[in-house]
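Observations on the three-dimensional arrangement
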Amino acid sequence: MLTTRFVNGAPNWLDVDTPDVEGAASFYGGLFGWEFRPAGPGSGSHGLFRLDGRTVAGAVRIRPEQGPPAWTVYFRTPDAGAAAEAARKAHGSVLVPPADVAGPGQVAVLADRAGVPFGVRQPGRVEGLDLAGATGSLCWAELYTPDVAAAAAFYHSVLGLETSAVSFPGGTYTGVGPAGEDEDAMFGGVVALGDDPLESKDGAYWLPYVAVADADAVTARAEELGGTVRLPATDVPGVGRIARLGDPYGARFAVLTPSPPA
C-alpha cells in the first residue's frame, strides 16, 4: 500500500485530465471531500485537490484534441530525461518531453509498449503528494495490459520496478513495487486484459485506487453526482471491498475499502 515515503519507481503524483476543471472539482469534492484550489498565478488551467489541507491530486484542463479525459499516475524518478530515453529504447514513446515545472521539479509523460500513458516526476522543491495510503487518497494502482511479461520488462527497464506473484483466495495476483524494497513497498499490480472481461473492452491503461471508508456509499454517491459505475462494490478476499467508477467526463478510477489487518 502506498505511503508518502516515496521511493524511486513508486507513484508520487496523480493528475486528472478533464475538459471541465470546475465540474471535476464539484464531482470529486462531493465524492471524497476534496477541495480544489488553482495552482496559482501563471498556472493556467492547473489546480490541486486538497483534503484537510494536504494535496491528494492535481487537475489539468484539456482540449478534445489532447485526448480523452483520464487519470494519469506519475512515478518518482531521479532523472526524468533518463527515464524518457529508457522508454524509447524499450519500445515505448515520449508523449510530453521532460520539462521543468516550478515546485514539482521535472515532469514528463511517457507511454509503454502497449501505448499506455503514464508520468514520471523528478522531484524538485515538492517531493510529491502530501497524503497517500490514507482514506481519501491514492492507495493503489493497477496496470491493465495485453502482455504482462512485456509490461514487467518495460517498467523494470524504465523505472526499476519488479513484479512478484501474490497468492490470494481463488488465484494469484501479479504485484509490482520498487526493486530492492520489501513487500510493504508494493504499490499495485499488473493484470492481463484477457483475465478481466470488463477491462478488456476498454483497452490497456493504469487504474488509480482511492481509499474510502465505505465503497458502497461512495459508489451510490458517484451515481448521484453524475458518474458511472463500471463495477459495483465487490468483495475481494484478503483485500477489501472495491468498486470501479468513472467521473462525469469518462475518467476512470477505483475505490477500495481495505480489509481490517489480520
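To keep things clear, this report deals only with the structure shown in the data block. All values derive from a computational prediction rather than experimental measurement.

Before going further, it helps to examine the environment of G227. Note that G227 resides in the loop between helix 5 (215-224) and strand 14 (228-236). Leave out the neighbours within four places in its chain, and G227 touches F27, A222, G246, D247 and P248.

Our next topic: the packing of aromatic side chains. What the rule picks out here adds up to 21 aromatic pairs. With a centroid separation of 6.1 Å and an interplanar angle of 75°, the aromatic rings of F32 and F253 are classed as edge-to-face. Of this pair, F32 sits in helix 1 (residues 21-32) while F253 sits in strand 16 (residues 252-258), and the two are 221 residues apart along the sequence. The burial state of F32 is the same as that of F253; both residues are buried. Taken together, F27, Y28, F32, W34, F36, F49, W71 and F253 form an aromatic cluster joined through their ring pairs. Note that R252 overlies the ring of Y205, its terminal NZ or CZ placed 3.6 Å from the centroid.

Pairing in this open sheet of eight strands is mixed, and the strands run 2-3-4-1-5-8-7-6 from one edge to the other. The outermost strands of the open sheet, each flanked by one partner alone, are strand 2 (35-38) and strand 6 (93-101). Neighbour-to-neighbour, the strand axes of this sheet turn through a mean angle of 25°, independent of strand direction. Sheet topology places strand 5 (residues 70-76) next to strand 8 (residues 117-123); three bridges connect them, and they run parallel. When the sheet's bridge partners are listed, F75 is paired in strand 8 with V120.

What follows covers empty space enclosed by the protein. Over the atoms, a rolled probe matching the size of one water molecule traces out where space is still vacant. Across all of its chains, the model carries one cavity of 30 Å³ or more by this definition. There is about 40 Å³ of room inside the largest cavity. What lines the largest cavity is L143, A151, A152, Y155, L161, T163, V176, V190 and W206. In terms of residue count, the dominant contributor to the lining of the largest cavity is helix 3 (residues 148-159) (three residues). In terms of residue class, the lining of the largest cavity is built from eight nonpolar, one polar and no charged.

All right, on to the sheet that holds strand 9 (residues 138-145) then. One open sheet holds the eight strands; their spatial order is 10-11-12-9-13-16-15-14, and the pairing between them is mixed. Each edge of the open sheet carries a strand with a single partner, namely strand 10 (161-168) and strand 14. Between one strand axis and the next, the sheet turns through 25° on average, direction left out of account. As paired elements, strand 9 and strand 13 (residues 205-211) share six bridges and run antiparallel to each other. By the bridge assignment for strand 13, W140 is matched with Y209. Of the strands in this sheet, strand 9, strand 10, strand 11 (171-178), strand 12 (188-192) and strand 13 are in contact with helix 3, which crosses strand 10 at around 135°.

Another aspect to go through is helix 1. Since the α-helix packs 3.6 residues into each turn, any two residues three or four apart lie on the same face. In a regular helix each residue adds 1.5 Å, so twelve residues correspond to 16 Å; helix 1 covers 16 Å between its end C-alpha atoms and thus fits that length. Turning to helix 1, its buried residues number three or more, namely V21, G23, A24, A25, F27, Y28, L31 and F32. Sitting at the amino-terminal end of helix 1 is D20, which places a side-chain oxygen 3.3 Å from the backbone nitrogen of E22. Downstream of helix 1 by a residue or two, G33 has a phi angle that is positive, lying close to 80°.

Of all hydrophobic cores here, the largest spans 64 residues; its most connected members are Y28, F32, W34, F118, V158 and W206. Among the elements that line this core, the one with the most residues is helix 1, at seven residues. Not counting the four nearest positions on each side in its chain, W206 is found in contact with V73, F75, V116, P117, F118, A141, E142, L143, Y155, F187 and G189. Listed in part, the 14 residues of the second largest apolar core include V191, Y209, I242 and A254.

Quick look at the pattern of salt bridges now. Per the counting criterion, the structure on display carries nine salt bridges. For E127, the salt bridge goes to R76, with nearest N and O atoms at 2.6 Å. Of this pair, E127 sits in the loop between strand 8 and strand 9 while R76 is found in strand 5, placing the two residues 51 residues apart along the sequence. Judged by relative accessible area, E127 falls into the partly exposed class, the value being 34%. For the salt bridge of E224 with R221, the shortest nitrogen-to-oxygen distance reads 3.1 Å.

What counts, and where the lines are drawn
Numbers given for residues are sequential positions, taken from 1 along each chain in its written order. Given that this is a predicted model, residues contribute local features only at a pLDDT of at least 70 and side-chain atom pairs are listed and counted only at 80 or more, while totals for whole chains, interfaces and linings are drawn from all residues. Remark: hydrogens and water are excluded; side-chain values derive from all non-hydrogen atoms of the structure. Secondary structure elements follow DSSP: runs of H or I of four or more residues count as helices, runs of E of two or more count as strands, with numbering from the N terminus. Here, two residues are considered to be in contact whenever any of their heavy atoms come within 4.5 Å of each other. Centres within 6.5 Å are what make two rings of Phe, Tyr or Trp a pair, Trp counting through its six-membered ring; a difference in plane orientation under 30 degrees is then read as stacked, over 60 as edge-to-face, and the rest as tilted. Relative accessibility decides the category of a residue: with a 1.4 Å probe and only protein chains considered, values under 20% of the type maximum give buried, values over 50% give exposed, and everything between is partly exposed. Counted as over-ring charges are cases with an Arg CZ or a Lys NZ within 6 Å of the ring centre that also lie within 35 degrees of the ring normal. Pairing between strands is defined by DSSP: at least two bridges between them are needed. Each axis is a line fitted through C-alpha atoms, taken for helices only over the stretch in contact, and angles between the N-to-C directions span 0 to 180 degrees. A 1.4 Å probe that fits into a set of points on a 1 Å grid over the protein atoms alone but cannot get out defines a cavity; an open set with protein on both sides within 12 Å along at least five of seven lines defines a pocket, and lining residues are those with an atom within 4 Å of a point. Grid points are joined across faces, edges and corners, and a volume is the space filled by probe spheres set on the points. We call Asp, Glu, Lys and Arg charged. Ala, Val, Leu, Ile, Met, Phe, Trp, Tyr, Cys and Pro are nonpolar, and the rest, Gly among them, are polar. Here a helix's expected span is defined as the number of its residues, less one, multiplied by 1.5 Å. Pairs of N or O atoms within 3.5 Å make up the polar contacts considered here, provided that, within protein, one atom can donate a hydrogen while the other can accept it, and that residues adjacent in sequence are counted only when both atoms are side-chain atoms. Put simply, a nonpolar core is a bunch of buried Ala, Val, Leu, Ile, Met, Phe, Trp, Tyr and Cys residues held in one set by side-chain atoms that sit within 4.5 Å of each other. Here a salt bridge means any side-chain nitrogen of Lys or Arg lying within 4 Å of a carboxyl oxygen belonging to Asp or Glu.

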